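Residue strings, one per chain:
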Amino acid sequence: MGKIEGVKIQNFGPLKDIVMGKTLSNQEAGALSNMTAIIGPSGNGKSTLADAFGFLADCLEIGVEAACDEKNRGGFEQLRSQGCTGPIAFELYYRERSTARPITYELKINMDEIGRPYVEEERLRQRVQKRGWPLSFLHLQKGKGYAFEGTEGWQDETGRILSGEKKEVELSDKRKLGIVTIGAMKQYQRVESFLAFLRSWYLCYFSPDAARMLQTAAPQPYLNRDGSNINNVAGYMFRENKKEFEKVLKEIQTKLPGIDKIEPVRFDNGQMMLKFWEKGFRNAFYSPRMSDGTLKLFAYYLLLHERNPRQLVFIEEPENGLYHQYLGLLADEMVENVGRGFSKQLFVTTHSPFFVNTLNPQDVWVLMKGEDGFSTIQKASEYPFVKDLYDENVPLGDMWYSKYFG
């Protein structure tokens, strides 16, 4: 369990210095909700914001140097904001549950003397009491520093140990995140828990063409990034709990336009494929024959019905390839699915006012380019008249389309 209550990004492309929600350096702001939508004109930084989350996920898996080159990012110098000499920096303000003391994760990535990116600084902090300045329980600079074992233990800025078991740490590779190495050891429980949260993120780059590919028979519990294993996920759900999976399919089929029934088919080689019965046709179609829109909607609804959901899901422009009248229903489903607890958090970028019409101004953030070429971000509720009009039942997407804000 857990969710991000705030995020700060510095020197990452056009995101020179943006803050969303509550952070260590922005304590007066409200925490991010479970459903966060980012809107704005093309070229204003929405895809870069999504890629910032993807970049962090890649840093976990393959290290910071490889992450800088992954997905056509072009290396550290292309990633860093133009004209800036400081490090690319992230701050995540995270809470495991409503009663837990928040944890702040700070990461700085810079170039060394031979031009290779490395982890310049990495820190985890937590409050000792319910109030007060948070103290460090992990702090690494250029791969050297300390970490505290267990669930208690901190060091203040003067180097004084308040409690706990402090261990000196030196990493063999300063291009790997320290939380990956330290979080793999059970005695560092807080680091382990935070690492598990980061690794539960899902960045969705769903491709209908990828979803049509035939995969090996191996069942898999989660959709991969492009959705190419959608039938494997169906196979996993069928194997783990057939009755529950059939119940999920019945619920999903009521939300897919023109679909009467969906059934899983298991072949002799163990492979699973889905059959769709469309209204007006006697014979069913296998999933590779379904339209792009139907496959996308099915994938999104399947994602929302995961048995053990990923804790953070980021979807870019779900409206692509979908009929506009389906978008409000999809947004409603997403809002209802994430709820108000700490089990799931959803970030969405969108250009669609139909999608935004179902959302609250507190949950929508507007990215705009300033005159200096860098992005700024602001909650829709902070624009003049937006909250008053919303309270008068004027849909938020209609306001955006009519240029009341953004």
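Quick caveat: nothing in here was measured; it's all calculated off a predicted structure.

Participant: It is not clear to me how the sheet that holds strand E15 (residues 285–286) should be interpreted in this structure. Could you clarify?
Facilitator: The strands making up a sheet associate through hydrogen bonds between their backbones, and the pairing can be parallel or antiparallel. Pairing is antiparallel in the open sheet, where 3 strands are placed in the order E13-E14-E15. Of all strands in the sheet, those bounded by a partner on one side alone are strand E13 (259–266) and E15. As judged from the 7 bridges shared by E13 and strand E14 (residues 272–278), these two strands associate in the antiparallel manner. Across the sheet, the residue bridging to Lys261 is Trp277, located in E14. Strands in contact with helix H7 (residues 230–240) are E13 and E14; relative to E14, the strand with the most contacts, it is inclined by about 100°.

Participant: Which parts of the structure should I look at to understand H7?
Facilitator: One full turn of an α-helix is made of 3.6 residues, so residues set three or four places apart face in the same direction. Among the 11 residues that make up H7, 8 are buried, leaving the element largely enclosed by the rest of the structure. Residues of H7 that are buried include every one of Ile230, Asn231, Asn232, Val233, Ala234, Gly235, Met237 and Phe238, and no others. Among the structural elements, helix H6 (208–211), helix H8 (242–253), E13, E14 and helix H9 (292–304) are those in contact with the buried residues of H7.

Participant: When you look at the pattern of salt bridges in this model, what are you seeing that I'm missing?
Facilitator: Two side chains that carry opposite charge are able to pair once their charged atoms sit near each other. Within this structure, the stated rule accounts for 27 salt bridges. Close ionic contact of Lys71 with Asp58 constitutes a salt bridge, the shortest N to O distance being 3.1 Å. Residue Lys71 is found in the loop between helix H2 (64–69) and helix H3 (76–79), and its partner Asp58 is found in helix H1 (residues 46–62); the two are separated by 13 residues along the sequence. The exposure class assigned to Lys71 is partly exposed, which follows from its relative accessible area of 37%. Relative accessible area serves as the criterion here: at 7%, Asp58 is assigned to the buried category. Ionic contacts of the salt-bridge type, sharing partners, join the residues Glu106, Lys108, Glu121, Arg123, Arg125 and Glu157 into one network.

Participant: Even after reading the chapter, I still don't get the environment of Asn269, so can you show me in this structure?
Facilitator: Inspection of the secondary structure puts Asn269 in the loop between E13 and E14. Asn269 sits in the exposed class, given a relative accessible area of 52%. For the pair Asn269 and Lys250, spaced 19 residues apart in sequence, the C-alpha separation works out to 26 Å.

Participant: How should I be thinking about empty space enclosed by the protein in this particular structure?
Facilitator: Over the atoms rolls a probe the size of a water molecule, and in doing so it shows where empty space is left. Tallied over the entire structure, the rule returns 4 cavities of 30 Å³ or more. Lining the largest cavity we find 13 residues, and of these Thr216, Asn231, Asn232, Gln271 and Met272 sit closest to its centre. Residues of the lining of the largest cavity, tallied by class, amount to 6 nonpolar, 7 polar and no charged. Approximately 60 Å³ is the volume found for the second largest cavity. Leu56, Ala57, Leu60, Leu92, Tyr105, Leu177, Leu198 and Trp201 together form the lining of the second largest cavity.

About the criteria used
Residues numbered from 1 in each chain as written. Predicted model: local features only at pLDDT ≥ 70, side-chain atom pairs only at ≥ 80, totals over all residues. Heavy atoms only, no water. Pairing = 2+ DSSP bridges. Helix = DSSP H or I, 4+ residues; strand = E, 2+ residues; numbered from the N terminus. Contact = heavy atoms within 4.5 Å. Axes fitted to C-alpha atoms, helices over the stretch in contact; angles between N-to-C directions. Buried < 20%, exposed > 50% of the residue type's maximum accessible area, 1.4 Å probe, protein only. Salt bridge = Lys/Arg side-chain N within 4 Å of Asp/Glu carboxyl O. 1 Å grid on protein atoms, 1.4 Å probe; cavity = no way out; pocket = protein on both sides within 12 Å on 5 of 7 lines; lining within 4 Å. Points joined across faces, edges and corners; volume = space filled by probe spheres on them. Nonpolar A, V, L, I, M, F, W, Y, C, P; charged D, E, K, R; others polar.

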